[in-house]
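Residues per chain, in single letters:
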Amino acid sequence: MPTSTTTAGPLHDPVTYARGFPHERFRALRDHDAVSHHDHPDFASGYWVVARHADVQRVSRDATTFRNAPHPFLEEAGQDQSATSGLLISLDAPDHVKQRKLINRGFTPRRVSDLTDALVARVNGIIDSLRTRRECDLVHDLALWLPLHVIADLVGVPEEDRERVFRLTERTFGFDPAVSLEERTQAAVEMFAYADALCEERRRHPADDLISALLDAELDGERLDQMQLDLFFMLLQNAGSETTRNLITSGTVALIQAPDQFDRLRGDLSLLPTAIEELLRFTSPVMLFARSAMRDTEIGGQPIAAGERVVMAYPSANRDERAFADPDAVDVARTPNEHVAFGAGGPHYCLGASLARLEAKVMFEAIATRFQGLALEGDPADFPRLHSTIIDGFAEVPIHWQAIDE
């Protein structure tokens, strides 16, 4: 399976990932500089990048030594991330634990399981809308809509508001370099205003949705305040839609480029659970998350001083030859598969992992069984990608097919 072209730019610059994650560069880091130091114009001490699987696990699981505050993002030079400090993923214990316990009530196994029939209906509706066509954009015509609707169903966003909320999410998180800082700020203001109005509506008319559940939730006599609700609404729209959409998109591209594995999956759908774990490993939609060292420590023998930033490179860990045999190949039956696509354990493990797996199962089963002759229109190396150091994914993927089955 081809890997991305080596890119020499700074690892905190989204341009470095314009043609995909630079796997060759990180292979060299894993072999020769597993905990590497990088300069940053805004950080006096620069930052450390952790490339190996075992070291990423260690940093992720040691929440006492490595903290998320002020936020887990690796900024571009000159970029202000102060507004993200209140997000759930930016918090540490005890605040993170307390909020997570409240929010977990909206992700109970029953609530997630109850979405199955709706997911199947959504996926079939999306694919049925393409029956008169023989080509489309995999991102915007197929992959985008399922996670968008699932999060909207879960939260309680009305159908007529969904496209607007999605567009605000896209602008707020800045994965399009054409969107200015002013436009991003305005989109965030509009997103907060929308969340405020939705909460007010649910206070007057509670429903069976996550917003109503959170408004009613109480832990140790405390409830989420309005700003916490607004920030969670914003985070859920992004994390719940962007990552799953990019798993579906990049995972489909990976299967098309590994036709023997795609055929194997089509011939034995019982492989879907292991195939989804493998596509999570292989595509790694989340690229880089940062921590701050709270005390002098070491990682893999490299001393790290208190206050220094440490960046976990999930796609590198997921291609580490020390943890996975033949890591640059897709194997839909790979087991065991201790990937770190949802995080590498610890208190910040992805809250929506079970929901993402369910969405992926329904979508990949439909893609595998309903499309005949599915193929890419061009070379994925030339397809435009997101402008980000956080999320890896395609902005557009043209595909075509011979027929769509019932």
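What comes next concerns the included structure. (Residues numbered from 1 in each chain as written. Predicted model: local features only at pLDDT ≥ 70, side-chain atom pairs only at ≥ 80, totals over all residues. Heavy atoms only, no water.)

We now examine the overall build of the protein chain. A tally of regular secondary structure across the protein chain gives 15 helices and 12 strands. Computed over its C-alpha atoms, the radius of gyration of the protein chain comes to 21 Å, within 12% of the 22 Å expected for a compact globule of 406 residues. When its C-alpha atoms are laid out on the principal axes, the protein chain stretches across 60 × 55 × 40 Å. In the structure as shown, the protein chain presents an accessible area of about 16,600 Å², 52% of it carried by carbon and sulfur atoms. Averaging the positions of the 41 positive and the 64 negative side-chain charges in the protein chain gives two centres separated by 3 Å. (Helix = DSSP H or I, 4+ residues; strand = E, 2+ residues; numbered from the N terminus. Rg over C-alpha atoms; globule rule 2.2 N^0.38 Å. Areas by Shrake-Rupley, 256 points an atom, 1.4 Å probe, with all protein chains shown as cover. Lys, Arg positive; Asp, Glu negative; His and termini not counted. Charge placed at Lys NZ, Arg CZ, Asp CG, Glu CD.)

A few words on the sheet that holds strand β11 (residues 398-400). Taken in spatial order, the 3 strands line up as β4-β11-β10 in an open sheet, and their pairing is antiparallel. Looking at which strands have only one partner, the edges of the open sheet turn out to be β4 (135-137) and β10 (375-376). Judged from the 3 bridges that link them, β4 and β11 form a sheet pairing that is antiparallel. Looking at β11, one finds that Glu135 is bridged to His400. (Pairing = 2+ DSSP bridges.)

On to the packing of helix α7 (residues 145-155) against helix α8 (residues 162-172). One way to put it is that α7 packs onto α8 with a least axis distance of 11 Å and a crossing angle of 110°. In terms of orientation, α7 lies roughly perpendicular with respect to α8. Of α8, the residues touching α7 (which contributes Trp145, Leu148, His149, Ala152 and Asp153) are Arg162, Glu163 and Phe166. Considering only residue class, the contact of α7 with α8 consists of 4 nonpolar, 1 polar and 3 charged. (Axes fitted to C-alpha atoms, helices over the stretch in contact; angles between N-to-C directions. Parallel < 35°, antiparallel > 145°, perpendicular 65-115°, else oblique. Contact = heavy atoms within 4.5 Å. Nonpolar A, V, L, I, M, F, W, Y, C, P; charged D, E, K, R; others polar.)

Glancing now at the side chain of Ser212. Residue position: Ser212 is located in helix α10 (residues 210-216). Excluding anything up to four places from it in sequence, Ser212 contacts Arg202, Pro206 and Ala207.

Moving on, we come to the environment of Leu11. With respect to the helices and strands, Leu11 occurs in the segment before α1 (23-32). For Leu11, a relative accessible area of 2% gives the class buried. Sequence separation of Leu11 and Gly300 is 289 residues, and the distance between their C-alpha atoms is 20 Å. (Buried < 20%, exposed > 50% of the residue type's maximum accessible area, 1.4 Å probe, protein only.)

All right, on to the pattern of salt bridges then. Pairing between side chains of opposite charge can happen when the charged atoms of each approach one another. As enumerated under the stated definition, the model contains 30 salt bridges in all. The salt bridge partner of Glu338 is Arg61, with a shortest N-O separation of 3.5 Å. Linking Glu338 in the loop between α14 (314-317) and α15 (353-370) with Arg61 in helix α2 (residues 53-61), this pair joins segments that are 277 residues apart in sequence. Among the ionic contacts, a cluster of salt bridges with common partners joins Arg27, Arg30, Asp31, Arg319, Asp320, Glu321, Arg322 and Asp328. (Salt bridge = Lys/Arg side-chain N within 4 Å of Asp/Glu carboxyl O.)

Below, the discussion takes up the sheet that holds strand β3 (residues 66-67). Read from one edge to the other, the open sheet built from 5 strands follows the order β1-β2-β8-β5-β3, with strand pairing classed as mixed. At either end of the open sheet lies a strand with only one pairing partner, and these are β1 (35-40) and β3. Looking at chain direction, β1 and strand β2 (residues 43-50) are connected through 5 bridges and run antiparallel. From the neighbouring strand, His40 faces β2, where its bridge partner is Phe43. Docked against the sheet, α2 engages β1, β2, β3, β5 (288-293) and β8 (309-313), running at close to 125° with respect to β8.

No statement about biological role is implied by the geometric values presented.
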